[in-house]
Amino acid sequence: MTAVSTVAKREYKFETLSVTEAKQFVYHVAFNRPDRLNAFNRTMWFELGKCFNDLSYDSNCRAIVLSANGKHYTAGLDLTDAMKIGQELGELDDVARKANYLEQKIKAYQDSISSLEKCQKPVIVAVHSACVGAGVNVIAAADIRYCTEDAWFTVKEVDIGLAADVGALQRLPKIIKNQSLVRELCFTARKFDSKEAYDNGVVSRVFKTKDEMINAAIQLAELIASKSPVAVQATKRSLVYSLDHTNQEGLDHICEINKTNLQSEDFINATIAGATKGDPPVFAKL
Ligand SMILES: CCC/C=C/C=C/C(=O)SCCNC(=O)CCNC(=O)[C@H](O)C(C)(C)COP(=O)(O)OP(=O)(O)OC[C@H]1O[C@@H](n2cnc3c(N)ncnc32)[C@H](O)[C@@H]1OP(=O)(O)O
């Protein structure tokens, strides 16, 4: 028997993000502070996390494209907004209280970016023009990265006197296999272009125009959304988990997941369809 979900579609309304349902089961999120080059202010840090946490459990969503409106993908941390952190720190007069305040901030910003990785649905980022600082941290937490020919990237944090602390230093070395290059990029904030990004595995496809890129990202998301959500979500969990576990730990982890999932109607229906060369199954919402 196929479970039928009666959950009403929810609306996503944010100040710094636009969220649309591009196709059935495909959501398109875009950074939407074009007048500030999509720089990350407090609201945007908060809303990014909220958006991906909510989409993670939205049964109408099976895949997400994350692009940006305006001239650049993002200018990274909003430097004007970040100065408020200094002002608030100044109001605390003890080192332990200051450290406690900063710990809370850093962890909140880390969680915001990790929400892409923790999101059960595959996230495809589509980058155009500048992707600076926090932006590189964001795309490193995504599942699939596309960019335009004019895209460029910089792990910019050292230039503002900061060691990147929201994921780039942890995730980038697992994406770029050349450790010498990773360190060069992180120590110097050198810009790298779409060709270098493609050659080193940062992106998997490069497009001439932004429109072409968004169309291809949505098409890919549609293809993912046509598959069993049970299978796709377990695949993401296993891939993410296996990145920093041994092969045996990864195998044990997927065994735990699949001892439940192999009893699911998705497996039964898809296997019957495959064996009988029948129509592809329509999968219930998850
Ligand atoms: C706990 C913290 C965790 C997070 C850490 C994250 C760290 C980082 O992200 S480090 C990187 C911070 N960002 C930067 O250093 C980027 C600075 N901006 C630029 O390099 C250029 O603006 C850029 C290459 C992105 C775009 O150049 P373009 O010529 O196209 O535009 P501009 O004329 O330079 O800028 C237009 C207006 O936008 C303002 N602006 C640019 N970047 C930021 C920013 N990051 N924060 C706030 N405002 C920004 C710029 O000042 C111009 O404003 P206006 O003069 O009022 O028009």
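Our structure is the block above this text.
Now for a look at the structure at hand. For clarity, every value in this text was computed on a predicted model and none was experimentally measured.

1. A word on the site of the ligand
- Taken together, 23 residues are adjacent to the ligand, and Ala 75, Gly 76, Leu 77, Gly 133 and Lys 156 come closest.
- When contributions to the shell around the ligand are tallied by element, the ones reaching two or more residues are helix H2 (79-90), helix H3 (95-118) and strand E5 (130-132).
- A total of 3 residues in the shell around the ligand trace back to one element, the largest contributor, which is H3.
- When its residues are assigned to classes, the shell around the ligand shows 12 nonpolar, 4 polar and 7 charged.

2. What to know about H3
- With 24 residues, H3 should reach 34 Å at 1.5 Å per residue; the first-to-last C-alpha distance of 33 Å fits that figure.
- Along H3, the largest kink reaches about 30 degrees and is centred on Ser 112.
- Burial in H3 covers these residues: Tyr 109, Ser 112, Ile 113, Ser 115 and Leu 116.
- Lining the buried residues of H3 we find helix H1 (42-56), strand E4 (123-127) and helix H4 (134-140).

3. Considerations on the sheet that holds E5
- Across the sheet, 3 strands lie side by side as E5-E7-E8; this open sheet has mixed pairing. Either end of the sheet is taken by a strand with one partner, and the two such strands are E5 and strand E8 (192-193).
- Pairing geometry for strand E7 (residues 152-154) and E8, over 2 bridges, is antiparallel. Each residue of the ladder has a partner; that of Phe 153, found in E8, is Phe 192.

4. What to know about unusual backbone geometry
- Although it is not a glycine, Phe 25 sits at a positive phi angle of roughly 70 degrees.
- The exposure class assigned to Phe 25 is buried, which follows from the 21 C-beta atoms found within 10 Å.
- One non-glycine residue with positive phi stands out, namely Leu 37, at about 55 degrees.
- On the basis of neighbour count, Leu 37 is assigned to the partly exposed category, with 19 C-beta atoms found within 10 Å.

5. With respect to the nonpolar core
- Counting residues in hydrophobic clusters, the biggest one holds 70 residues, and the most contacted among them are Ile 64, Val 65, Ile 124, Ala 126, Cys 131, Ala 217 and Ala 221.
- Counting residues per element, this core draws most heavily on helix H8 (residues 210-225), which supplies 8 residues.
- For Ala 217, the residues in contact, after removing those within four places along its chain, are Val 65, Ile 124, Ala 126 and Tyr 146.

6. Side note on the sheet that holds strand E1 (residues 17-23)
- Pairing within the open sheet is mixed, and its 6 strands lie in the order E1-E2-E3-E4-E6-E9. The open sheet has two edge strands with one neighbour each: E1 and strand E9 (205-207). Going from strand to strand, the sheet's axes swing by 20 degrees on average, the running direction of each strand aside.
- As defined by bridge partners, strand E6 (residues 144-148) adjoins E9 across 3 bridges and the pair is classed as parallel. When the sheet's bridge partners are listed, Tyr 146 is paired in E9 with Arg 205.
- Contacts from H8 reach E1, strand E2 (26-31), strand E3 (63-68), E4, E6 and E9, with the element oriented near 165 degrees to E3.

Definitions and limits used
- Residues numbered from 1 in each chain as written.
- Predicted model: local features only at pLDDT ≥ 70, side-chain atom pairs only at ≥ 80, totals over all residues.
- Near = placed C-beta within 6 Å.
- Helix = DSSP H or I, 4+ residues; strand = E, 2+ residues; numbered from the N terminus.
- Nonpolar A, V, L, I, M, F, W, Y, C, P; charged D, E, K, R; others polar.
- Expected span 1.5 Å × (residues − 1).
- Bend = angle between axes of the 7 residues up to and from the residue.
- Buried ≥ 20, exposed ≤ 12 C-beta atoms within 10 Å, placed from the backbone.
- Contact = placed C-beta atoms within 7 Å.
- Pairing = 2+ DSSP bridges.
- Core = buried A, V, L, I, M, F, W, Y, C linked by C-beta atoms within 7 Å.
- Axes fitted to C-alpha atoms, helices over the stretch in contact; angles between N-to-C directions.

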